[in-house]
Amino acid sequence: MAISVRNPRRARLIATLAGLAVAVLGGVLWLVGDNNEVTGSNRMDINSSAAWNDVVGYRSDQTSKYESGRDLRDTGESQMTWGIILAVMGLAAVGSRWLISPTPAPAKPTEAKLTPEQQEQAIAMYLEAQKRSATEQ
């Protein structure tokens, strides 16, 4: 379904630039999320002795660092998800530029093609109107 606009070039440009901006924002958000996810996972690995608390009952002084690493990993995963969503939406906006079509030009008036009978009838009506106007004056 094409969308008609008065200035299709401007509308296509706006759709393209807005889509690229959203896609770039999504890509940046995904990269930041990936970095946070990796950093959080590494912190969890480094402070993994805190994970043994549930299994063995071992109390570790690394529990807070482990929890902050887990929170950072979860935040990174969420950022990556939203980054992918924004990137796809941006690419869809760029793709939508082909749905914008110019408004159709108004139809040019064409010459009236009358059949010979219609021409004779039109001439007779014109002559009759001329006679009426002459008698009214």
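As shown above, the structure is provided for reference.
Treat the numbers as computed from the prediction; the structure is a model and nothing was measured.

## Focus on the overall build of the chain
When its secondary structure is counted, the chain shows four helices and two strands. For the chain, the N- to C-terminal ordering of α and β elements is β-α-α-α-β-α. At a minimum sequence separation of 6, the contacts of the chain that also span at least 24 residues come to 81%. A total of about 10700 Å² of accessible surface is found on the chain, and carbon and sulfur atoms cover 60% of it.

## Structural notes on the pattern of salt bridges
Tallying each qualifying case throughout the model produces three salt bridges. As a salt-bridge pair, Glu-67 and Arg-70 come within 3.0 Å of each other at their nearest N and O atoms. With Glu-67 and Arg-70 both in helix α3 (residues 63-95) and three residues apart, the pair spans about one turn of that helix. Looking at Glu-67, the relative accessible area reads 35%, which means it is partly exposed.

## A few points about the packing of helix α1 (residues 8-46) against α3
Running from N to C, α1 and α3 point in directions that differ by 160 degrees, and their axes come no closer than 6 Å. Judged by the inter-axis angle, α1 sits roughly antiparallel to α3. Note on packing geometry: the crossing formed by α1 with α3 is left-handed. Residue composition of the contact of α1 with α3, by class: 19 nonpolar, 14 polar and six charged.

## Structural notes on the environment of Leu-29
Relative to the helices and strands, Leu-29 resides in helix α1. Overall, Leu-29 belongs to the partly exposed group, its relative accessible area being 26%. Residues Leu-29 and Ser-78, spaced 49 residues apart in sequence, show a C-alpha to C-alpha distance of 9.8 Å. In contact with Leu-29, other than residues within four places in its own chain, are Gln-79, Trp-82, Gly-83 and Leu-86.

The rules we used
Residues numbered from 1 in each chain as written. Predicted model: local features only at pLDDT ≥ 70, side-chain atom pairs only at ≥ 80, totals over all residues. Heavy atoms only, no water. Helix = DSSP H or I, 4+ residues; strand = E, 2+ residues; numbered from the N terminus. Contact = heavy atoms within 4.5 Å. Areas by Shrake-Rupley, 256 points an atom, 1.4 Å probe, with all protein chains shown as cover. Salt bridge = Lys/Arg side-chain N within 4 Å of Asp/Glu carboxyl O. Buried < 20%, exposed > 50% of the residue type's maximum accessible area, 1.4 Å probe, protein only. Axes fitted to C-alpha atoms, helices over the stretch in contact; angles between N-to-C directions. Parallel < 35°, antiparallel > 145°, perpendicular 65-115°, else oblique. Left-handed = near helix turned anticlockwise from the far one by under 90°. Nonpolar A, V, L, I, M, F, W, Y, C, P; charged D, E, K, R; others polar.

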